[in-house]
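A structural walkthrough
This is what each chain is made of:
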Amino acid sequence: MRLEVRRVYNPGVTEPNHSEIVIISEPISQARLREMAAESFGDMVKAVVDTNQRLLALGGGLHSDEEAALLAQGSVQADLWGINIYPEQPRSEWVEFDSMINIRPRLGNRSRSVKDTAVQQLILEIVDSLIL
């Protein structure tokens, strides 16, 4: 399987494509996120956040696909966290910190969740800044 990665600079002109992973550094609309959810899992979008570069990878079938796309572009593994976003939920409830890529015993994270509340807060800030 060939992994396609593209950086979105003007998300308003981006056509939906279920097979592509989109890495964003500029905000997209919540409406665009809803479209992505409808194209994939219906009510949810898998995402990986780079907490250092403040990037968000969206659109992969697996968190590991998005993780690989970010790593290929220079992200560091320790900065990547997998989440699920439910755009139809109230904003305060739409991020779920659940992914296999979050299991990192050497870094003290022994579960699929993000246990460090400071990291959770940083993830929420990045998501809120990139999805309007």
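Refer to the structure presented above.
Residues numbered from 1 in each chain as written. Predicted model: local features only at pLDDT ≥ 70, side-chain atom pairs only at ≥ 80, totals over all residues. Heavy atoms only, no water.

Here's the deal with the pairing of strand 5 (residues 80-85)
Along strand 5, six of the six residues are buried, which leaves the element largely enclosed by surrounding structure. Going residue by residue along strand 5, you find Leu80, Gly82 and Asn84 tucked away on one face and Trp81, Ile83 and Ile85 tucked away on the opposite face as well. Bridge count between strand 3 (residues 45-50) and strand 5: six bridges; the pairing is antiparallel. Of the residues in strand 5, the one forming a bridge with Val48 is Gly82. (Buried < 20%, exposed > 50% of the residue type's maximum accessible area, 1.4 Å probe, protein only. Helix = DSSP H or I, 4+ residues; strand = E, 2+ residues; numbered from the N terminus. Pairing = 2+ DSSP bridges.)

Structural notes on the pattern of salt bridges
By the definition in use, this model includes five salt bridges. We note a salt bridge from Arg32 to Glu35, for which the minimum N-O separation is 3.4 Å. On the criterion of helical spacing, the pair formed by Arg32 and Glu35 is a turn pair, its members being three residues apart in helix 1 (residues 30-39). Here Arg32 falls in the buried class, since its relative accessible area comes to 9%. Relative accessible area serves as the criterion here: at 37%, Glu35 is assigned to the partly exposed category. A salt bridge links Asp98 to Arg112; the nearest nitrogen and oxygen atoms lie 2.9 Å apart. Of this pair, Asp98 sits in the loop between strand 6 (95-96) and helix 3 (117-130) while Arg112 is found in the loop between strand 6 and helix 3, placing the two residues 14 residues apart along the sequence. Residue Asp98 is classed as partly exposed on the basis of its relative accessible area of 22%. (Salt bridge = Lys/Arg side-chain N within 4 Å of Asp/Glu carboxyl O.)

Side note on the packing of aromatic side chains
Enumeration over the complete set of coordinates arrives at zero aromatic pairs. Here the basic side chain of Arg104 rests over the ring of Trp81, its NZ or CZ set 4.1 Å away from the ring centre. (Phe/Tyr/Trp six-rings, centres within 6.5 Å; stacked < 30°, edge-to-face > 60°. Lys NZ or Arg CZ within 6 Å of the ring centre and 35° of its normal.)

Notes on the side chain of Ser75
Structurally, Ser75 is set in the loop between helix 2 (63-72) and strand 5. Within the structure, the side chain of Ser75 is placed 2.5 Å from the side chain of Asp50, a separation counted as a polar contact. For Ser75, the side chain forms a polar contact with the side chain of Gln53, separated by 3.4 Å. Sequence-distant contacts of Ser75, defined by excluding residues within four places in its chain, comprise Asp50, Gln53, Leu70 and Leu80. (Polar contact = N/O pair within 3.5 Å; in protein donor to acceptor, adjacent residues only side chain to side chain. Contact = heavy atoms within 4.5 Å.)

Structural notes on the side chain of His63
Counting through the fold element by element, His63 comes out in helix 2. Classification of His63 as buried rests on a relative accessible area of 6%. Discounting chain neighbours no more than four positions away, the residues touching His63 are Lys46, Ala47, Val48, Gly82, Ile83, Asn84, Asp98, Ser99 and Ile101.

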